[in-house]
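Architecture and fold: a report
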Amino acid sequence: MQTQTTSTGPQPQATGRSMEHPRREAIRLEDVLHALSDPMRMRVVRTLAEESAELTCSVIDLPVSKSTTTHHFRVLRESGVIHQIYRGTAKMNALRREDLDALFPGLLDSVLAAAALQEGRLGGDRG
């Protein structure tokens, strides 16, 4: 997977150091679907979709170890689902909604709606 440090979506402020992300045109459907197939990563995406601002990793509480949390965020970033940037010591996260909607119209909204329906049907913890 080819990566670069910028995307064609909303650009982060120049105050943080950037991490490598796939270019919009390099984002692949199978990578996005793989990233969304895990309940913990789906929880991250649902949380980011509900917010209009960037969130730190620590705001999104996952019931897994720190190293596993780091892994989940890395999979989301490398697949093109989220954008991450450091601001000081905090790693900020934002959903790459504009890129995903341009490449796969309706996919993100459909997956988020299906996750909400599943939560209502099955109850329990948001996954």
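Residues numbered from 1 in each chain as written. Predicted model: local features only at pLDDT ≥ 70, side-chain atom pairs only at ≥ 80, totals over all residues. Heavy atoms only, no water.

Within an unreviewed UniProt entry, the label attached to the chain reads ArsR family transcriptional regulator, and the organism entered is Streptomyces violaceusniger.

1. Points about the sheet that holds strand β1 (residues 55-56)
The strand order across the open sheet built from 3 strands is β1-β3-β2, with neighbouring strands paired in antiparallel fashion. With one partner strand each, in any of the chains shown, β1 and β2 (82-87) form the two edges of the open sheet. Relative to strand β3 (residues 90-95), β2 runs antiparallel, the two being bridged by 6 bridges. Following the sheet pairing, H83 is matched in β3 by A94. On the sheet, helix α3 (residues 66-79) packs against β2 and β3 and is oriented at approximately 115 degrees with respect to β2. (Pairing = 2+ DSSP bridges. Helix = DSSP H or I, 4+ residues; strand = E, 2+ residues; numbered from the N terminus. Contact = heavy atoms within 4.5 Å. Axes fitted to C-alpha atoms, helices over the stretch in contact; angles between N-to-C directions.)

2. Some words on the nonpolar core
Among the nonpolar cores identified, the biggest contains 23 residues, and V45 and V81 are the most heavily contacted of them. Broken down by element, the residue count for this core peaks at 5 residues, all from helix α2 (residues 39-50). Beyond its immediate sequence surroundings of up to four residues, V45 is in contact with L36, L76, V81, L95, L108 and L112. (Core = buried A, V, L, I, M, F, W, Y, C linked by side-chain atoms within 4.5 Å. Buried < 20%, exposed > 50% of the residue type's maximum accessible area, 1.4 Å probe, protein only.)

3. Regarding the pattern of salt bridges
By the definition in use, this model includes 10 salt bridges. R46 serves as the salt-bridge partner of E119, at 2.8 Å between the closest nitrogen and oxygen. Highlighted residues: E119 in helix α5 (residues 107-122) and R46 in helix α2, separated in sequence by 73 residues. For the salt bridge of E78 with R74, the shortest nitrogen-to-oxygen distance reads 3.2 Å. (Salt bridge = Lys/Arg side-chain N within 4 Å of Asp/Glu carboxyl O.)

4. A short note on the environment of I27
Note on placement: I27 falls in the segment before α1 (29-36). Overall, I27 belongs to the buried group, its relative accessible area being 6%. In the structure, I27 is positioned 77 residues away from F104 in sequence and 10.0 Å away in space, judged by C-alpha atoms. Setting aside chain neighbours within four positions, we find I27 in contact with P22, V32, S79, G80, R96, D99, L100, L103 and F104.

5. Quick word on the environment of M40
Mapped onto the elements of the fold, M40 is located in helix α2. In this structure the C-alpha to C-alpha distance between M40 and T69, which are 29 residues apart in sequence, comes to 8.4 Å. When near neighbours in sequence (up to four residues on either side) are disregarded, M40 contacts L62, P63, V64 and H72.

6. Quick notes on the packing of α2 against α5
It is at 11 Å that the axes of α2 and α5 come closest, and there the two elements cross at 110 degrees. One finds that α2 runs roughly perpendicular with respect to α5. Facing M42, V45, R46 and A49 of α2, the residues of α5 in contact are L108, V111, L112, A115, A116 and E119. Split into classes, the residues belonging to the contact of α2 with α5 amount to 8 nonpolar, no polar and 2 charged. (Parallel < 35°, antiparallel > 145°, perpendicular 65-115°, else oblique. Nonpolar A, V, L, I, M, F, W, Y, C, P; charged D, E, K, R; others polar.)

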